[in-house]
Amino acid sequence: AAEHQDLELQLRDVEEHNHVLRREISLVGTRGDLGRNCVLGGSPIGRNRKSRDVVTLVKSVLFHRRNPLHFHFITDSIARKILADLFHTWMVPAVHVNFYDADELKSEVSWIPNKHYSGIYGLMKLVLTKTLPSDLQKVIVLDTDITFATDIAELWVVFHKFKGQQVLGLVENQSDWYLGNLWKNHRPWPALGRGFNTGVILLLLDRLRKLKWEQMWRLTAERELMSMLSTSLADQDIFNAVIKQNPFLVHQLPCFWNVQLSDHTRSEKCYKDVSDLKVIHWNSPKKLRVKNKHVEFFRNLYLTFLEYDGNLLRRELFGCPSETDHNSENLQKTLSELDEDDPCYEFRRERFTVHRTHVYFLHYEYEPALDNTDVTLVAQLSMDRLQMLEAICKHWEGPISLALYLSDAEAQQFLRYSQGSEVLMSRSNVGYHIVYKEGQFYPVNLLRNVAMGQVNTPYMFLSDIDFLPMYGLYEYLRKSVVQLDMGNTKKALVVPAFETLRYRLSFPKSKAELLSQLDMGTLFTFRYHVWTKGHAPTDFAKWRTATTPYRVQWEADFEPYVMVRRESPEYDRRFVGFGWNKVAHIMELDAQEYEFVVLPNAYMIHMPHAPSFDITKFRSNKQYRACLKTLKEEFQQNMSRRYGFAALKYMTVDNNS
C-alpha cells in the first residue's frame, strides 16, 4: 500500500532559450504526516521524520535537475517552520518555495473515514485543484518515500503524450491489492484491473477544473462509502474508484516511473535492467528491509542521497536564466567587499557564511509551564561530544535546545545513535537542530544563536555541552525566577562553574559534598590553573559560605554561565572556534545593564575531554591569535559606538588577555 505522505511536484514552461526548452520545476508538498495525530501501528508519525524524508527526496531531484524548481508545500505551522528554515538557509539557486496551510483544508476531507495511518492528511491530494493557484496548469505529485534516479524533466515531457480527455498520469499498481486475492474476505475499493498507485501522479489541473473534478470525486466517494464505510489506502482508493467509472481520464505511465517496493510487489516484472529505472518508491512499511532481488542497488541509491552533502547542490544552472535571489545577491555583495588579501579574510568571511540548518531534526513536543518560570538549557556540540547527551538528559529534566554541527553523513550517524539510546528516545522535550558543516572554522556562536532561536520558554540557561548541571538545577532556577523577580528586572543569574580532571566522578549531590570534593582536590574552580580571569568575579570564596544570592560586578574577560531571559542579545558571530566567544556576550549583557547575580546553591561541573581542534589551532597558530586580537579590538570599538560613554570601560580591556 502506498504511503500517502505526499510531495507534489509541478513543472511549468518558462521560456525557450536558444531552441532549448527550459522549464520551472515546482515541487508542491502535502506534508500530511506532519500532523500530530497520524497513526501507524498505534504510534504517532512525527512531523520530524517526514521532514527528513522530504530532504532525501529533494536531494535526489536536485542532483539530476537542469531546470529551475518551485516547491509548494501544504503543511501545518510547525512543518512550515522546519522546511522554511531549511530552504532559506540552503540557498539553492533557481529554487522557490511556497507554503499552504493544511489546517484550512481539513474541512474539505474530514468527512471521509480513513483507516490509513496517514489520517486526514492522506486525503489532501484530492483537493489540489482548489488549493493550488488557479493559473497552475500542470502538476506532478509524489509521495515522500520516493527516490529519483533521473532528471524529473523527463517525466514532465510525458504530459505531451496525453490524448483526448486524459487528465491523470499514473503507473499501474504493482501488487494484487485491488484484485482482492491477498487474503480471505479481502474486499478492496473498485479499481480498473490491477488499479493504479498514486505515489506518482501527473495532473492536468486546468482540465480537471473544467471537468468539475471536485464534484466528481465527492460523488464517487459518497457512493462507495455507503458500502465500504471507510478508505483503506486514503486518496488512492478514491482516485481508483473515479477511474473505474471514467477510464478515459487516465494515461498509463511506464512502470519505471514508479517502481513500487511494497510487501506484495510484482515490480520485478516491469523492468529488465536496473538502469531502466527512473523512480524508486519505498512504499513498504519495511522500507530499506523490503525483499527484492535488486534491493541492494535500490538501497545504495537511497543511501547515496541520504548522506549526500547538500551544499554541493547549491550549484548554478548554466545557460538557464532565472529570477534574481535578493538574499543571495546581497550576500555576494557583502563578500565582495571583503579584502581577500587580509590575513584575517577567512575569519571575516565565516561571519557571513549561511549554514544550511534543519531545526527539530528529531521529534520535539513541549508546552512551557503556565507560571512563566520555565527554563530551557541551551548548548551546542559536534560529533565528538555525542557521548555527553545522555548524561546531560539525566541531570536536567527540563527542556533542552541543542545545535549540532554535523555533515550530512554525520547527521545520519547521530540519528542512529539517538534511536539506539533509551535515554534520548524517552525525551520529547529535547530539540535537536542540525547546522550543516561548511568552511574551516567551528561556528560556535552561530550554533548558540540557532539553539537560542528555538527556545520556547521565558528563560534560558546558556551552558556548554561539556558541563553537567547539578541534579535539581532546573527546578532551582525556576524558583529563582520568582525569588529574584526576573520578570520585572534585567538579571543574569550566574551558576558557579567547577571542573574535574577525572573521567569517573562521584557527582556531588549537594553543595556540602561539592565543597568536600573541592577541599580534597577532586574538584577545582573552573580553569583556575589556566584562565582564572574567566570566572574570578564569581567570587568562589564568598560562594562557599553564601546562603543568599549576591551581586557581582563585570570585570574584563568575565565569562560565566548564566540564565537570562529568552529575549537576551545573541552571540557575536565574528568569534569562531576558540577565544572570546562567551566573553563578548557577557560584555554585551553588561552594556545592556544586566545585573550579574550569583546563585548560592547552584553549580555545574566540567567533565574532562580531549582538546578541541580549535583550541589546538589557537595555541599553535600565531596568525590565528593575531586575528583573534584584531577581532577583539574591532568588537570593542563597535561596543563604544553603540553604547557611547558607558562602553568606555571596555576599551581598556587588555587585548593580550
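Basis of the calculations
- Residues numbered from 1 in each chain as written.
- Predicted model: local features only at pLDDT ≥ 70, side-chain atom pairs only at ≥ 80, totals over all residues.
- Heavy atoms only, no water.
- Helix = DSSP H or I, 4+ residues; strand = E, 2+ residues; numbered from the N terminus.
- Buried < 20%, exposed > 50% of the residue type's maximum accessible area, 1.4 Å probe, protein only.
- Contact = heavy atoms within 4.5 Å.
- Areas by Shrake-Rupley, 256 points an atom, 1.4 Å probe, with all protein chains shown as cover.
- Disulfide = S-S within 2.5 Å.
- Axes fitted to C-alpha atoms, helices over the stretch in contact; angles between N-to-C directions.
- Parallel < 35°, antiparallel > 145°, perpendicular 65-115°, else oblique.
- Left-handed = near helix turned anticlockwise from the far one by under 90°.
- Nonpolar A, V, L, I, M, F, W, Y, C, P; charged D, E, K, R; others polar.
- Arc of directions from axis to C-beta.
- Salt bridge = Lys/Arg side-chain N within 4 Å of Asp/Glu carboxyl O.
- Pairing = 2+ DSSP bridges.
- Core = buried A, V, L, I, M, F, W, Y, C linked by side-chain atoms within 4.5 Å.

Caption draft 1: Inspection of the overall build of the protein at higher detail. Looking only at helices and strands, the protein features 22 helices and 26 strands. Within the protein, the proportion of its 657 residues that are buried is 58%. Here the analysis covers contacts within the protein between residues at least 6 apart in sequence; of these, 78% occur between residues at least 24 apart. Carbon together with sulfur atoms contributes 50% to the accessible area of the protein, which is approximately 27,900 Å² in total.

Caption draft 2: Looking closely at the state of the cysteines. This structure, assessed with the given rule, holds one disulfide. Between the sulfur of Cys344 and that of Cys627 lies a disulfide, 2.2 Å long from S to S. Looking along the S-S bond of the Cys344-Cys627 disulfide, the torsion reads about -100°, which is the left-handed sense. One end of the pair, Cys344, is in the loop between α10 (326-336) and α11 (345-350); the other, Cys627, is in helix α21 (residues 622-643), and 283 residues separate them in sequence. No difference in accessibility class separates Cys344 from Cys627, as the two residues are buried.

Caption draft 3: Inspection of the environment of Glu346 at higher detail. Within the fold, Glu346 resides in helix α11. Glu346 sits in the partly exposed class, given a relative accessible area of 36%. With sequence-adjacent residues up to four places away left out, Glu346 is seen in contact with Gln440 and Phe441.

Caption draft 4: Main features of the packing of helix α19 (residues 581-591) against α21. For the pair α19 and α21, the least separation of the axes is 12 Å and the interaxial angle reads 15°. If you check the angle between α19 and α21, you find them roughly parallel. Considering how the two elements wind past one another, α19 and α21 form a crossing that is right-handed. Residues Ala584, Met587, Glu588 and Ala591 of α19 form the contact with α21, whose own contacting residues are Phe635, Met639, Arg642 and Tyr643. Of the residues that constitute the contact of α19 with α21, the class distribution is six nonpolar, no polar and two charged.

Caption draft 5: Looking closely at helix α12 (residues 388-395). Taken as a whole, α12 has its buried residues at Met388, Leu389, Ile392, Cys393 and His395. Seen from one end, α12 has its buried residues packed into an arc of 165°, which puts them on one side. Residues of α12 that are buried sit in contact with β15 (375-382), β16 (400-406), α13 (408-419), α14 (422-425), β17 (430-436) and β19 (467-469).

Caption draft 6: Focus on the pattern of salt bridges. According to the stated counting rule, one finds 34 salt bridges in the structure shown. Put simply, Glu214 and Arg218 hold a salt bridge, and the shortest N to O gap is 3.2 Å. Placement of the pair is Glu214 and Arg218 together in helix α7 (residues 213-228), with a separation of four residues, close to one helical turn. Residue Glu214 is classed as buried on the basis of its relative accessible area of 16%. In this structure, the salt-bridge partner of Asp519 is Arg544, at a minimum N-O distance of 2.9 Å. Taken together, the positions of Asp519 in helix α17 (residues 511-520) and Arg544 in helix α18 (residues 540-545) put the pair 25 residues apart, joining distant regions of the chain. One network of salt bridges, in which partners are shared, links Lys59, Asp309, Arg356 and Asp408.

Caption draft 7: Region of the structure containing the pairing of strand β7 (residues 138-143). Most of β7 is tucked away: six of the six residues are buried. Side chains Lys138, Ile140 and Leu142 of β7 all project onto a buried face; the interleaved residues Val139, Val141 and Asp143 project onto the opposite face, where all are buried too. Inspection of the sheet shows β7 paired to strand β10 (residues 196-204) by five bridges, in the antiparallel sense. Across the sheet, the residue bridging to Leu142 is Val200, located in β10.

Caption draft 8: Inspection of the nonpolar core at higher detail. Within the largest apolar cluster, 106 residues are counted, with the highest numbers of intra-cluster contacts made by Leu402, Phe414 and Phe461. If sequence neighbours within four positions are ignored, Leu402 has contacts with Ala379, Leu381, Leu389, Val430, Gly431, Tyr432, His433, Ala451 and Ile465. With 78 residues, the next largest nonpolar core counts Phe71, Val141, Phe196 and Leu203 among its residues.

Caption draft 9: Representation of helix α15 (residues 444-453) in the model. With respect to burial, α15 is a largely interior element, nine of its 10 residues being buried. Of the positions making up α15, those classed as buried are Val444, Asn445, Leu446, Leu447, Arg448, Asn449, Val450, Ala451 and Met452. Lining the buried residues of α15 we find β14 (357-358), β15, β16, β17, β18 (459-462) and α19.

Caption draft 10: Structural view of the sheet that holds strand β24 (residues 561-565). If you walk across this open sheet you meet the nine strands as β14-β17-β16-β15-β18-β24-β20-β25-β23, and the pairing is mixed. Each of the sheet's edge strands pairs with one partner strand only, and the pair in question is β14 and β23 (550-552). Bridge count between β15 and β18: four bridges; the pairing is parallel. Among the inter-strand pairings, Leu377 is bridged to a residue of β18, identified as Phe461.

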